[in-house]
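Residue-level listing of the chains:
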Amino acid sequence: NAGVTQTPKFQVLKTGQSMTLQCAQDMNHNSMYWYRQDPGMGLRLIYYSASEGTTDKGEVPNGYNVSRLNKREFSLRLESAAPSQTSVYFCASSPRGSSYNEQFFGPGTRLTVL
Amino acid sequence: TQLLEQSPQFLSIQEGENLTVYCNSSSVFSSLQWYRQEPGEGPVLLVTVVTGGEVKKLKRLTFQFGDARKDSSLHITAAQPGDTGLYLCAGAASGTYKYIFGTGTRLKVLA
């Protein structure tokens, strides 16, 4: 099992460019999450999907959109990248939407916006 | 807005020393998790505590959930270089899928 995979691993964008971060899990998990990690800030929730077909905003959703394409895949889109979106982005999945469940994280995408 | 404050932010200790990391909030959580993150990787779950006052042990690591379910601590006995990493606490309020992560404690254990 690959677990949670993320592509790309690294990306450099210019201000105003758009891109989509891809995430896939092969554990048949219902819930998926997107976080960003900045120095000294821990992880902040951008969007989450409790189950296939549903998405909800997290703490910092502005400037992002998501698509839960199917049960396996959850993508994050930056329509017009800004330097403030320079960060490390983590995708995670969980068996079902519950505060008791473990989250399994991908290796992250390191994004720099110039 | 729920916040989880961790202290200390940074900790550098010698192998064999003991240490405690704290995770505090003014909000009540239905459960609290501790993760460890290595450089260049995603966080990995260490433990989940769900009952106020609960204590869980994982080898040399002892986790405690506060009686009021607003705070937690992680105690490491006889730290080893392999314990080096970023320790994160994460909490979720009852009935929500949203996890709030703490600011993190970066631990370095010197041989």
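A quick note: this is a predicted structure, and the numbers were derived from the prediction, not measured.

(A) The sheet that holds strand β8 (residues 74–78) of chain A, seen in detail. Residues and elements named next belong to chain A. Spatially, β1-β3-β8-β7 is the arrangement adopted by the 4 strands of the open sheet, whose pairing is antiparallel. Whereas interior strands pair on both sides, the edge strands pair on one side only; in this sheet they are β1 (4–7) and β7 (64–68). In this sheet, neighbouring strand axes are inclined to one another by 15° on average, regardless of whether the strands run parallel or antiparallel. As defined by bridge partners, β7 adjoins β8 across 5 bridges and the pair is classed as antiparallel. Looking at the pairing, Arg68 lines up with Phe74 of β8.

(B) Highlighting the packing of aromatic side chains. Applying the stated criterion across every chain yields a total of 11 aromatic pairs over all chains. Ring geometry for Tyr33 of chain A against Tyr35 of chain A: centres 6.2 Å apart, planes inclined by 25°, an arrangement best described as stacked. Given the relative accessible area of 1%, Tyr33 of chain A is considered buried. Consider the rings of Tyr35 of chain A and Phe101 of chain B, whose centres lie 5.3 Å apart with planes at 80°: the pair is edge-to-face. With one member in each of two chains, Tyr35 of chain A in strand β4 (residues 31–38) and Phe101 of chain B in strand β10 (residues 100–101) form a pair that bridges those chains. According to the relative accessible area criterion, Tyr35 of chain A is buried, its value standing at 0%. Judged by its relative accessible area of 5%, Phe101 of chain B is buried. Through successive ring pairs, a cluster of aromatic residues spans Tyr33, Tyr35, Tyr48, Phe90 and Phe105 of chain A together with Tyr35, Tyr99 and Phe101 of chain B.

(C) Structural detail: the sheet that holds strand β3 (residues 19–24) of chain B. Residue and element names in this part refer to chain B. Here we have 5 strands laid out as an open sheet, ordered β1-β3-β8-β7-β6, and antiparallel in their pairing. Edge positions in the sheet fall to β1 (5–7) and β6 (55–58), since each of these pairs with one other strand and no more. Along the sheet, successive strands turn relative to each other by an average axial angle of 15°, direction set aside. As paired elements, β6 and strand β7 (residues 61–65) share 4 bridges and run antiparallel to each other. Bridging across to β7, Leu58 finds its partner in Leu61.

Parameters and conventions
Residues numbered from 1 in each chain as written. Chains lettered and ligands numbered in written order. Predicted model: local features only at pLDDT ≥ 70, side-chain atom pairs only at ≥ 80, totals over all residues. Heavy atoms only, no water. Pairing = 2+ DSSP bridges. Helix = DSSP H or I, 4+ residues; strand = E, 2+ residues; numbered from the N terminus. Axes fitted to C-alpha atoms, helices over the stretch in contact; angles between N-to-C directions. Phe/Tyr/Trp six-rings, centres within 6.5 Å; stacked < 30°, edge-to-face > 60°. Buried < 20%, exposed > 50% of the residue type's maximum accessible area, 1.4 Å probe, protein only.

By themselves, these observations are geometric and do not establish any function.
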